[in-house]
Amino acid sequence: MTVSIQTIYDLAIFKSLKPESQEALAKASLVKECSPNTIFQMQDERCEFVGFVRSGSAVIFRLSANGNEQIISVLTPGMHFNTVPALDARNNVRACIKAISPLSLLVIPVGLFRTLLQSHADIAYIILTDFAKRLDHLVQLVDELSLHSVRGRLALFLLNQAQEKQHSKAWTQDEIAAHLGTVRDVIGRTLRAFIKAGLIERKNGEIVVINQKGLEEEANF
Amino acid sequence: MDQSKKLLMKINASLCVHCGACSYLCATGTIALKGTDPTVDKPEQCTNCGLCEEICPTGAISLPFFIKLQANALLGIS
């Protein structure tokens, strides 16, 4: 399905582009729809397209050799993926992507994406700006994984989620383990240790942070 | 809390080894065995105690939970 200029304009990342750049993007793009729980990309496959999320959400994760998932990021409307492998000589995608709700994507084949960046400076600039943001996110992720123990990472995760007012979500221990790059047993043990230490309590389908200061100390604030 | 009413344990049948520990320990009879398969029999009786999830030796049961901050958590008193 080819797309209209309005479809391009509706994506926040492209709003500020010159009309001719939006038109070039519209000509190069297609719309792709995915059902929930569809894994539409496997890590190490050849990168065929760059994707921009129009609506819905998806999770980007890497699989370790023993099958553990490390969630890299959650894609929400306006975000994009595969811009790195699209520009890299190796040209293989770095991670798997799974739709977690009905997902609509704007996709641009790799060859056309490269041509667009070379011919439209304003498109190249917004992609670079977004690269900078994502690099910052990855530095933060490396910091959390390398400088904090699982105990510290879980404490930080609980504090962040407890303070999240807009997108409150129900979590399972498996999902938390995938987010923190560990396994469910470790999450279960650490939650029990936090309960025993009087930092949190579990009641009626909730983990309640009852000692914020104590949890902040665990997170190495 | 109203949100917890929507939260029910998920049983991953492919991980279950049919030991029956979950139904044996469930204090409210929420989980019952049908043959050797654990099933959520009386969901309205679940108190979200988390015991089934904790006791399951293979991690086949997942009990979702919300994460909240208690109003006086900053003081460290409950």
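Preceding this paragraph is the structure being described.
Just so we're clear, the structure is a prediction, and the values are computed from it rather than from any experiment.

Some words on the pattern of salt bridges
Residue and element names in this part refer to chain A.
Here is step 1: Considering all chains together, one arrives at nine salt bridges over all chains under this definition.
Here is step 2: Across the pair Asp174 and Arg184 runs a salt bridge, and its minimum N-O distance is 3.1 Å. Separated by ten residues along the polypeptide, Asp174 in helix 7 (residues 173-180) and Arg184 in helix 8 (residues 184-196) bring together distant segments of the chain.
Here is step 3: Taking relative accessible area as the criterion, Arg184 reaches 11% and is therefore assigned buried.
Here is step 4: Here Glu217 makes a salt bridge to Lys213, at a shortest N to O gap of 3.4 Å. With Glu217 and Lys213 both in helix 9 (residues 212-218), this residue pair falls four residues apart, about one helical turn. As far as burial versus exposure is concerned, Glu217 and Lys213 are alike and both exposed.

Notes on the nonpolar core
Residue and element names in this part refer to chain A.
Here is step 1: Phe14, Leu25, Phe52, Leu106 and Phe113 are the most contacted members of the largest nonpolar core, which has 25 residues in total.
Here is step 2: Residues within four places of Leu25 in sequence aside, it is in contact with Ile8, Phe14, Leu17, Ile108, Leu116 and Ile123.
Here is step 3: One finds Leu156, Leu158, Trp171 and Ile176 within the second-largest nonpolar core, a separate group that totals 22 residues.

How each quantity is defined
Residues numbered from 1 in each chain as written. Chains lettered and ligands numbered in written order. Predicted model: local features only at pLDDT ≥ 70, side-chain atom pairs only at ≥ 80, totals over all residues. Heavy atoms only, no water. Salt bridge = Lys/Arg side-chain N within 4 Å of Asp/Glu carboxyl O. Helix = DSSP H or I, 4+ residues; strand = E, 2+ residues; numbered from the N terminus. Buried < 20%, exposed > 50% of the residue type's maximum accessible area, 1.4 Å probe, protein only. Core = buried A, V, L, I, M, F, W, Y, C linked by side-chain atoms within 4.5 Å. Contact = heavy atoms within 4.5 Å.

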